[in-house]
Amino acid sequence: NNDNNEAPKIQARESDDRLQGQHPQVLVPEVQTAEARRHRGNTTCEKKRHRVTEGTPHLAPSHTQCCFVARENMAGQHAFNDLLKKTEHYDKDERYMAISDLCEVLKRNAAQSESASPGAGSKGPNSNSSLDPQTERRICSAVLNLLDDSSNDVQTVAVKTLSVLLITVKEEQVREIADRLCTLVLDQNKSDLRDVYAIGLKTLVETVPSSMGNIVSHCLVNRLVEGIHSNSATKSSGDSAKDKNSEEIVLACLNVLSDLLTRFGSSSESVTAQHEPLLNVTLSQLASPRPIVRKRAGTTIGVLATVISDNLLHRLVERILDQIDQVSDGLGKSGKKRAKKAKKTDDKTLAASDLRSADTRSLIRTMCTVSGSVGQRLNQGHIDRIVPIFLRFCDPGDAVSGDDEDIDSDEEMNDAEEDSEGMAQMQIELRESCFAGFESFVLRCPTLIRPHLAHIVHSALAYMRFDPNYSYGDEDASSDGDDDSEDYGESEDEEYEDDDDMSDEDDDENWKVRRSAIRTLTAVVEASKHDPSSLWLDQYVWRKNSDDKITVSGALVNRFKEREENCRVDIIECFTRLLSYTVSAASSGVLVLASGDSMVDDDAQGTVQVDLRTNVSAAIVGASMKQLSGKKSGDRSKSSAIALLSTLCLAPGGIGGAGQIKSVFTHVKSILEVEDDAGNKHASSNGKSLKLEALCLVRNMLSSHKHNATDMKNALLSILLSELCKSVREDWYKVISEALRTLIEVPPLVVAGSTSKEDLDQVASSLYGAIEPRLAEHDIDQEIKECALSAAASLVSVLHGSLTDDQKKKLFEMVLERLKNESTRIAAIKTLSTIGAAAHSGSDLDMSTILNQTLEELAVLLRQQNRGLKQCALECLDTMVLCLGSNGDSSMDEGIFGSVLKDLGDIVTDADLHLCHLSLSASNSILKARSSTGALVKSHILPAALTLSKSPLLQDPALSSLLSLLEEMIVSKAVTFEKLRDALVNQVDMKSKRSKVAISNLAECIATIAAVATTSKQKTYLKSTISAIKAGDENAQATQLNLLVSGDFGRKVDLNSIGIANDAKGVYDKSFESSNEDIKHSAALALGRAAAGSIDTFLPGMLSALEESSGKKQYLLLSSLRELIHCCREKNQGELSRSISVILPHLEKNCENDEEGVRSMVAECLGSLACLDPDTVLPLLQKLATKDSDKKAIIRWTVGSAVKFAIGGQIDSSELASFMPTFLGLLKEDDLAVKNVALLMVYSAVHRSPQLVVGLMREHILPSIHELAQLNLQRKIDLGPFKHTVDDALPLRKAALNVFSTCLEKCPSSLDIPAFMPVIAKALGDVEDIQLQTHTLVITMCERHSIPVVEAAETFVLPLEKTVNKKTGTKTGTELERVYEWKRSALRTMLAISKLEGSSSIRLFAEFVERTKNSPKNRDLLEAVESEY
């Protein structure tokens, strides 16, 4: 009764909701359970529960829970029953609300089931369904029935519900749904709702769990194939309704098949077993009389091609090509000529004749689809057949333009009568499809297409101008583009105006052919991005019946006048990409870019030279200006032209001379120009994005150093400056920010352009008027605030002399205000740093008015935890302190320094060496600016500095800053030499051993302060140091310290000047006899460093001892010689150059020393000397490299090492280039050690100076790399109980892969990447170290060179799968973790390849990925790897 009373209330609420235009909310099972508990008067269960609770308390919770769950299930069942009844309601609104609520309840039910069993993910959500089978069948039936509903809205929600239902119900219901939907799709009497059923079937295929893929595929594949067979027709039956019905069924089947193949084509056995029947039935549809069926069949074949085997793919391609050969000889007059010459047989069937026009288009389109899907799987034979056939339809001889005056008019009239409008449309589609195929081949099969590339480029160039119905006027173009600037005519506006006069009948679709040809050229540019020189140099005939030739670059520039904007934009973007790649190739040494006013070095032998300034720069600028000024040019064309000009700024010569710069600025002004309206607000008629791009162009031009500063300055002041200042007052924050960034570049430019004082004042006034209002505003975008601060910094630091005191004061006050604001703090600090650097550089900029406040604020910021903020504050503090001057300012608050130095002292630790370096540098600057702060520095900084001096982590900038501070403390007399020296010496704890680095740092600190002490103190201290060494203190660390101090001091001060040079030599020589190896090493370093300060005193003795000694002492003397050479290079001394001729004979003699350590030292010395005097040393190395002797192997090893050290020492590449072919000959030596050092030499060259080896890569380096990367020299060593396998070639393989990896980064154009892929495939199956190295290499290639990786992915499957499935055995601890990391590395490689476009079409690789993802034993590792991305 209570339920019956409640029902009217619910219906009343639903009625009210409908009146208000709202959908009633269905009470979910939980809510209905609560309602039932409140209104149901059944007390039996309550009494029973009470009795159970009293009698058996330990059972009460369990039984209560059972009752509660049972009650919930009853309520949920009641809710489903109610909703299912409403799905049959006569009111469509009721049905709509019922199916919507049912969808939501099913979603909640699926979510609850999944959360209840989180570990059942592998079984699929369906295994956790809480619905009973009967309810599932009722729900499925109701949803399927609603697919037939008269309301489209109900049908839509039913399809949506179906996607939820498929992951909720069990396999039996999924199979029933699939069968039912397939039956409805194939039913001839269900034409009205077939689209809905097809969508439902597609939804099923897309959403069904992967575990049910085989079941669904088994239900659908055969029936869909039979549906296509039974409804196919080769010609019309005469019954239009029946034909249309059959067509719809075939289209629906093909659609569903495409989705089924995409998802389960390679993983489902039911589908893989039907690949051949599927291929046959889809191919048969290419002969359908219905165009849409042919097109859809081609799409399905493209999907099928990604999953079929190589054998079936080969048959598919051959069959399509054979049919193309049979049905067509080509298009246009060239095709007709071939048809006339061909021998036609009389027994040709009518079907073949009828297929000529229709099938050719479909077959070509299908072949293009296949090549686009699996182009990387095609072999050379396929490409060699396909390309000539495609070229038959894109014959350059048929590409005519309205400007071709030599066309035979009579022949054209005959052709026009003969060709129907439909045939013309077919020709356009065919050519478009062929060029789409070319584009795919060039991008996906760059190696296979290379023999045909010239023909493809020729055809694309010809059809890029294919416009037979339109004349552009005079189209004479020179081959090199010298007259390109005149090729566009003076009446371009008239050309575009003519477009509007053309009627719809005159409009053609030939622009589609031009666009596809342009895209093919873009693909060629992309494929040649590492070496685009051929696109600038190779010439082609692109006009019919003309001998004039033109390069690809010249043709692109010539076609900037294209009348169709889509094509025009593609042309400009294609050329922009070509120019960008050319500049990048020039920076890597592949080619040389020259301007008209610069000469190319003669040393650049064999390098392609491209002269942009002479050939194309003027034409580019002229054509771009016409785009910017054209009345009919859209924003896209203008935007593309601006992007091209921005790229041109990077090339030598930039935009050009004064004329080109003025022209660009004039057109940019027209874009930026604004007019005042009645409200005195500025508004522009141009798009905001276009204005933003124009401002970016101007900024690139102003910041580029490729232009003449005077020309740039004159054009800026006379044309554009006022508009730039007005742009700062725009409304869009991006335009304002970019305008401010552009103004940042103005002050340096006007100063560099020799501007008069009057002009400087005018520029400063204009910039101040534009910047100051934005700097003063508070309620503006953060980006504007930061850009305004940067613009103010540029203005004040460069043009402060042209600003009034009031203007500077106001700007300073606003910067300080921004410094106190947390959001603009860092930008304000950088602004103050820029201004402070200008004030310190010697200008008359006075910052005394803000120094107090600035230092106070910076002192506060030093206590912040934000590292970035602290770093900026330290840099600014260092700069601002330097502005104080040595005499100081009377208004300066000296009390600030105590607080600042205390904060700086807290930062001086080895925890963060960079901040430590900045803190020491700032302390040093304070001490220099205020010598009176010496006591404060001694109190706050020195203790931390002393602690830092013994840190083994101290190095590089932090060490240099520490040395400068200690030196300044002695100079400023903040501390006496004796006290500071003793404090440093005491840092060496005699009881504990210090690291060699710490002792070396302390020695350098002591030597630094001794070098600035008085001469008497120096002499006294050094004598005591030498005496301590002679005495042979028992503490080895003290002896090492004294030795290093004497050597470092001798490097700074000539030991002869204080009369201890001879004693030092004796001490060093005696120390070589010490039993302590650290003392020997310290003595060798000290001797070399001391010799750098007095070469004539020490070097003769070193060389004499080297001649007489052997073994360990010889090694130590060579270490001293190496240290001497390094010190002289650091000091840039020319004294050593006089002694090179004396040193070389000793080094040459030791090149064949049996000790590898000695030879290594000799090689390092020779390499360093080669950097100092290449004219003397390099010929000697060349002679040694070709010297024939009994010890030639070790001599050549020394030569290779010396060249490696010379390259690492940054020898002049032009000096070394001519000797490199000789040194690369070491790669062909038989000795493995020589091969290895030669590989290391090549690695160093590629890493540091790639231009050295780019031209020699293919001839001298790559053959050896390919050979050595696969070399395997395993041998077994008998160790008694067991045998050990040694691979002598392992270091060579590692080095070869390292060289290839570095070449990929530095000079990829010099590599034949596809040819190296078999080597990589073999390396993936090598030993662990090689595999890990190769995994990293492949992952890197996936980012930069994905196409070769996809092509070779099939060969990677076996080694990767072997690694992924590697067994761990009984390994534990670190060994087990090492195996896991090995497997994770292979999984990373697999995932990286699987994300590449086209990898899913490699059947073997796709199956490998599927197996790996479904493998339970790899699930945890795979999830860990996937979480990294």
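What you are looking at is a predicted structure, and each value in this text was computed from that prediction instead of being measured.

Draft legend 1. Broad picture of the overall build of the protein. Counting secondary structure elements, the protein contains 67 helices and 8 strands. Here the protein, with 1429 residues, has 52% of them falling under the buried criterion. Within the protein, residue pairs in contact and separated by at least 24 positions form 75% of the contacts whose partners lie at least 6 positions apart. Here the protein displays about 63100 Å² of accessible surface, and carbon together with sulfur accounts for 47% of that area.

Draft legend 2. Quick look at the environment of Cys 445. The residue Cys 445 is located in the loop between α20 (421-444) and α21 (453-464) in this model. A relative accessible area of 0% means that Cys 445 is categorised as buried. The spatial distance from the C-alpha of Cys 445 to the C-alpha of Leu 378 is 8.1 Å, given a sequence separation of 67 residues. Here Cys 445 is in contact with Gly 375, Gln 376, Ser 440 and Glu 1351, once residues within four sequence places are set aside.

Draft legend 3. View of the nonpolar core. Of all hydrophobic cores here, the largest spans 432 residues; its most connected members are Leu 316, Phe 390, Phe 665, Leu 767, Leu 904, Phe 1223 and Phe 1356. Among the elements that line this core, the one with the most residues is helix α11 (residues 240-264), at 11 residues. In this structure Leu 316 touches Leu 279, Leu 283, Ile 301, Ala 305, Ile 308 and Val 370, once residues within four positions along its chain are discounted.

Draft legend 4. Up close: the state of the cysteines. Inspection of every chain in the model, using the stated rule, returns 0 disulfides. We note that Cys 253 lacks a disulfide partner, and the nearest cysteine sulfur, in Cys 182, lies 6.7 Å from it.

Draft legend 5. Representation of the packing of aromatic side chains in the model. Using the criterion set out here, one finds 12 aromatic pairs in the structure. For the ring pair Phe 435 and Phe 438, a centre distance of 5.9 Å and an interplane angle of 70° mean the geometry is edge-to-face. With Phe 435 and Phe 438 both in helix α20 and 3 residues apart, the pair spans about one turn of that helix. With a relative accessible area of 0%, Phe 438 lands in the buried category. Members of the aromatic cluster, each reached through a chain of ring pairs, are Phe 390, Phe 435, Phe 438, Phe 441, Tyr 463 and Phe 466. Taking the ring centre of Phe 466 as reference, the NZ or CZ of Arg 431 above it sits at 5.4 Å. The ring centre of Phe 1205 lies 4.8 Å from the NZ or CZ of Lys 1204, which sits over that ring.

Draft legend 6. Looking closely at unusual backbone geometry. The backbone phi angle of Asp 956 is positive, close to 50°, even though this residue is not glycine. By the element assignment, Asp 956 lies in helix α44 (residues 956-971). Accessibility expressed as a relative area gives 53% for Asp 956, which makes it exposed.

Draft legend 7. Quick look at the pattern of salt bridges. In total, this model carries 54 salt bridges according to the counting rule given. Between Glu 1229 and Arg 1196 there is a salt bridge, with the nearest N and O atoms lying 2.8 Å from each other. Pair noted here: Glu 1229 is in the loop between α58 (1220-1224) and α59 (1232-1248) and Arg 1196 is in helix α56 (residues 1192-1208), with a separation of 33 residues, a long-range link. The class for Arg 1196 is buried, based on a relative accessible area of 8%. A salt bridge links Asp 1288 to Arg 1275; the nearest nitrogen and oxygen atoms lie 2.6 Å apart. A residue pair is termed long-range when its members are at least 10 positions apart, and Asp 1288 in the loop between β8 (1283-1287) and α61 (1290-1306) and Arg 1275 in strand β7 (residues 1274-1278) qualify at 13 residues. Overall, the relative accessible area of 41% leaves Arg 1275 in the partly exposed class. Taken together, the salt bridges that share partners define one network made up of Asp 467, Arg 514, Arg 559, Glu 562 and Arg 563.

Draft legend 8. Up close: the packing of helix α50 (residues 1077-1093) against helix α51 (residues 1095-1108). The N-to-C vectors of α50 and α51 enclose an angle of 135°; their axes lie 6 Å apart at closest approach. Between α50 and α51, the angle is such that the two are oblique. Seen from α50, the contacting residues are Leu 1087, Ala 1090, Ala 1091, Ala 1092 and Gly 1093; seen from α51, they are Ile 1095, Phe 1098 and Met 1102. Tallied by class, the residues present in the contact of α50 with α51 amount to 7 nonpolar, 1 polar and no charged.

Draft legend 9. How the structure looks around the side chain of His 275. With respect to the element layout, His 275 can be found in helix α13 (residues 275-284). In this structure the side chain of His 275 is engaged in a polar contact, spanning 3.0 Å, whose partner is the backbone oxygen of Gly 265. Once you skip the residues sitting within four places of it in the chain, His 275 turns out to touch Gly 265, Leu 304, Val 307, Ile 308 and Leu 312.

Draft legend 10. The packing of helix α53 (residues 1140-1149) against helix α54 (residues 1156-1172), seen in detail. Where α53 contacts α54, the two axes come as close as 11 Å, and the packing angle between them is 150°. Taken as axis vectors, α53 and α54 run roughly antiparallel relative to one another. Of the two possible hands of crossing, α53 and α54 adopt the one that is left-handed. Facing α53, whose interface residues are Ile 1140, Ile 1143, Leu 1144 and Leu 1147, α54 presents Val 1162, Cys 1165, Leu 1166, Leu 1169 and Leu 1172. Split into classes, the residues belonging to the contact of α53 with α54 amount to 9 nonpolar, no polar and no charged.

Draft legend 11. How the structure looks around the confidence of the model for the protein. Looking at the protein as a whole, its pLDDT mean stands at 80, while 83% of the residues score no less than 70. In this model, residues 476-506 is a region of pLDDT below 50 whose contacts with residues beyond four sequence positions or in other chains number 59 contacts. Under a pLDDT of 50 for its full length, residues 675-685 has, in the predicted model, 14 contacts with residues more than four places off or in other chains.

What counts and what doesn't
- Residues numbered from 1 in each chain as written.
- Predicted model: local features only at pLDDT ≥ 70, side-chain atom pairs only at ≥ 80, totals over all residues.
- Heavy atoms only, no water.
- Helix = DSSP H or I, 4+ residues; strand = E, 2+ residues; numbered from the N terminus.
- Buried < 20%, exposed > 50% of the residue type's maximum accessible area, 1.4 Å probe, protein only.
- Contact = heavy atoms within 4.5 Å.
- Areas by Shrake-Rupley, 256 points an atom, 1.4 Å probe, with all protein chains shown as cover.
- Core = buried A, V, L, I, M, F, W, Y, C linked by side-chain atoms within 4.5 Å.
- Disulfide = S-S within 2.5 Å.
- Phe/Tyr/Trp six-rings, centres within 6.5 Å; stacked < 30°, edge-to-face > 60°.
- Lys NZ or Arg CZ within 6 Å of the ring centre and 35° of its normal.
- Salt bridge = Lys/Arg side-chain N within 4 Å of Asp/Glu carboxyl O.
- Axes fitted to C-alpha atoms, helices over the stretch in contact; angles between N-to-C directions.
- Parallel < 35°, antiparallel > 145°, perpendicular 65-115°, else oblique.
- Nonpolar A, V, L, I, M, F, W, Y, C, P; charged D, E, K, R; others polar.
- Polar contact = N/O pair within 3.5 Å; in protein donor to acceptor, adjacent residues only side chain to side chain.
- Left-handed = near helix turned anticlockwise from the far one by under 90°.
- pLDDT = per-residue confidence, 0-100.

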